[in-house]
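# Remarks on the overall topology
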Amino acid sequence: MILKTHKVIVNNWTSIITVTARDADDPAYGNSARLVYSLTQGQDFFSVDPQTGVLRTAVPNMDRETRDEYVVELQARDMGGHQGGLSGTTSITVRLSSWSFSVSELAAPGVEVGRLTASDSDLGENALLEFSILDSEQGDIFNISAREQEAVVTLNKLLDYESCNSYTFSVEVSNPLLDPRFLRRGPFKDQATVRVSVLNADEPPRFSQSRYHLDVSENCPPVCSVGRVGATDPDTGQSSNIRLSGEGLGLIDCLTDRFSVDPQSDPEALFRISSDSGFISTVMELDREQEQWHNITVIATQRDNPNLVSRVVVAIETLDQNDNAPVLDRLYSTSICDSSPPGQVIQVLRALDRDQGGQDVPIHFSFPPESSLALTLSLRAHG
């Protein structure tokens, strides 16, 4: 019975190698040549299929930083593994090839996560190495580039610890230039498992929307509700640790209230924000004809870390009401000859309506009831 000694590099959570033994006995004669595989060393971390000889990892989280090499003793016994059968053993050196890195969730795209090293005993262009990420989904998040015999892993996208705190993917290294004469000696590539841990960071508050659009009717008496904004601490998902303030809002006590405001961008202090609920309300009546839009900036500050601040724009539209009477576009003065025939046009009057859409609404002209002009003059719509 012949077994060979092996040395392999292995990724975590995978089959490692298939060990094959040969028995010189006639396989057609009983169980003499029927082989059964078993482990005599390394059973805590590895297992072997008794029929096929496939060696696999037995635990899912083998840590390369804790231990990177194991020696496994494997035995092949004939006679179907029964007592009295002959056996042979081989040793397998298993070296873990997983790489572990960590990166903050606040790291920007392009930041280096870590580096992997590979070796090739050839020289010149025959030693050129090419690295690639095999998992397409992780390849969107991370990028890998070759620098001689190193692979540099960088970020492609922003990370979020609360959504996903670790990533695992496979990296393949290969020779880009292959000599057809030696293809049978391949494969000219290897794989390693990369694990990236996302480190939790104290993040600034997060608003429920990237931009708010609220509205309120003009002439609504104070205190008139406009709408609500909200923010949470992304690290806890709670809002109790958030204090809101607003640039363009009236002043509220910022020491004891959960929501406070900053009047710097609103000298007229037209709005205020509720200290408990985040509701924005008017402080005085608004006039759409004077100003249709009010853009304010609401600020969210984390209570236990005032340096963590977020801002959001709140666009408040003043909605129109029919609160403006038509007015003549100018002061008119006219005259008429005493010989003018009945029905002659002596003046065309124009009026303006400042309300929204007022120019599209017909305007009715009439003389005041107390005026005597109605006895000699008449008005009719024109255009």
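Keep in mind the model is a prediction, meaning the values are calculated, not measured.

### Some thoughts on the pattern of salt bridges
Counted under the stated rule, the structure contains 6 salt bridges. Between E112 and R115 there is a salt bridge, with the nearest N and O atoms lying 3.0 Å from each other. Taking the shortest distance from any N to any O, the salt bridge between R115 and E150 comes out at 3.0 Å. Note that R115 is positioned in strand 9 (residues 112-117) and E150 in strand 12 (residues 150-155), a separation of 35 residues in sequence. A residue is classified by how much of its surface remains accessible, and R115, at 31% relative accessible area, is partly exposed. For E150, a relative accessible area of 26% gives the class partly exposed. Three or more residues joined by partner-sharing salt bridges are found here, namely E112, R115 and E150.

### Some remarks on the sheet that holds strand 11 (residues 142-147)
Taking strand neighbours across the sheet as the criterion, the 3 strands line up as 9-12-11 in an open arrangement whose pairing is antiparallel. Two strands bound the open sheet, and with one partner strand each, they are strand 9 and strand 11. Between one strand and the next, the sheet's axes are offset by a mean angle of 25°, whatever the strand orientation. Pairing of strand 11 with strand 12 involves 6 bridges; the strand directions are antiparallel. Bridging from a neighbouring strand, F142 pairs with L155 of strand 12.

### A few points about the packing of aromatic side chains
For the structure shown, the criterion picks out 5 aromatic pairs. Their ring planes at 75° and their centres at 5.5 Å tell us that F142 and Y167 sit as a pair that is edge-to-face. On the criterion of sequence distance, the pair formed by F142 in strand 11 and Y167 in strand 13 (residues 166-174) is long-range, its members being 25 residues apart. You'll find F142 and Y167 in the same group, each marked buried. Centroid distance F207 to Y212: 6.5 Å. Interplanar angle 80°. Geometry classified as edge-to-face. No difference in accessibility class separates F207 from Y212, as the two residues are buried. Through a chain of ring-to-ring contacts, the aromatic side chains of F45, F46 and Y70 assemble into a single cluster.

### Looking at a nonpolar patch on the surface
A cluster of nonpolar residues, L328, L349 and L379, forms a patch on the protein surface that exposes about 230 Å² of accessible area. When you line up the elements, L379 lands in the segment after strand 25 (351-352).

### A look at the sheet that holds strand 13
Ordered in space as 8-14-13-10, the 4 strands form an open sheet in which the pairing is mixed. Since the sheet does not close on itself, it has two edges, and those belong to strand 8 (99-104) and strand 10 (130-133), each with one partner. With direction set aside, neighbouring strand axes in the sheet form an average angle of 30°. With 9 bridges connecting them, strand 13 and strand 14 (residues 189-199) associate as antiparallel partners.

### Looking at the state of the cysteines
Linking two cysteines covalently via their sulfur atoms produces the bond known as a disulfide. Taken as a whole and judged by the stated rule, the model has 1 disulfide. Each disulfide pairs two cysteine sulfurs, and for C220 the partner residue is C224, the sulfurs being separated by 1.9 Å. Because the sign of the S-S torsion sets the handedness, a value of about 90° for the bond joining C220 and C224 places this disulfide among the right-handed ones. Under the relative-accessibility criterion, C224 is labelled buried at 10%.

### Some words on the nonpolar core
V113, L116, F131, F142, F169, V171 and V194 are the most contacted members of the largest nonpolar core, which has 25 residues in total. Setting aside anything within four residues of it in sequence, one finds V113 in contact with F101, S102, V103, F142, V153, T154, L155 and V196. Listed in part, the 19 residues of the second largest apolar core include L286, V298, A300 and I316.

### Some thoughts on the pairing of strand 8
Here strand 8 shows one buried face, formed by W99, F101 and V103, and one open face, formed by S100, S102 and S104. Here 6 bridges tie strand 8 to strand 14, and the two strands are oriented parallel to one another. Looking at strand 14, one finds that S100 is bridged to R195.

### Remarks on the confidence of the model for the protein
Detailed reading of the predicted coordinates is not advisable wherever pLDDT falls low. Of the residues in the protein, 79% reach a pLDDT of 70 or more, and the chain-wide mean stands at 78. Model confidence for the protein, summarised as mean pLDDT per element, is weakest for strand 1 (residues 6-10) at 45 and strongest for strand 16 (residues 211-217) at 93. In this model, residues 1-13 is a region of pLDDT below 50 whose contacts with residues beyond four sequence positions or in other chains number 63 contacts. Here residues 250-257 scores under 50 on pLDDT; set against residues more than four positions off or in separate chains, the count is 19 contacts.

So, how was this worked out
Residues numbered from 1 in each chain as written. Predicted model: local features only at pLDDT ≥ 70, side-chain atom pairs only at ≥ 80, totals over all residues. Heavy atoms only, no water. Salt bridge = Lys/Arg side-chain N within 4 Å of Asp/Glu carboxyl O. Helix = DSSP H or I, 4+ residues; strand = E, 2+ residues; numbered from the N terminus. Buried < 20%, exposed > 50% of the residue type's maximum accessible area, 1.4 Å probe, protein only. Pairing = 2+ DSSP bridges. Axes fitted to C-alpha atoms, helices over the stretch in contact; angles between N-to-C directions. Phe/Tyr/Trp six-rings, centres within 6.5 Å; stacked < 30°, edge-to-face > 60°. Patch = residues over 30% accessible without salt bridge, like charges linked within 9 Å, V, L, I, M, F, W, Y side chains within 5 Å. Areas by Shrake-Rupley, 256 points an atom, 1.4 Å probe, with all protein chains shown as cover. Disulfide = S-S within 2.5 Å. Core = buried A, V, L, I, M, F, W, Y, C linked by side-chain atoms within 4.5 Å. Contact = heavy atoms within 4.5 Å. pLDDT = per-residue confidence, 0-100.

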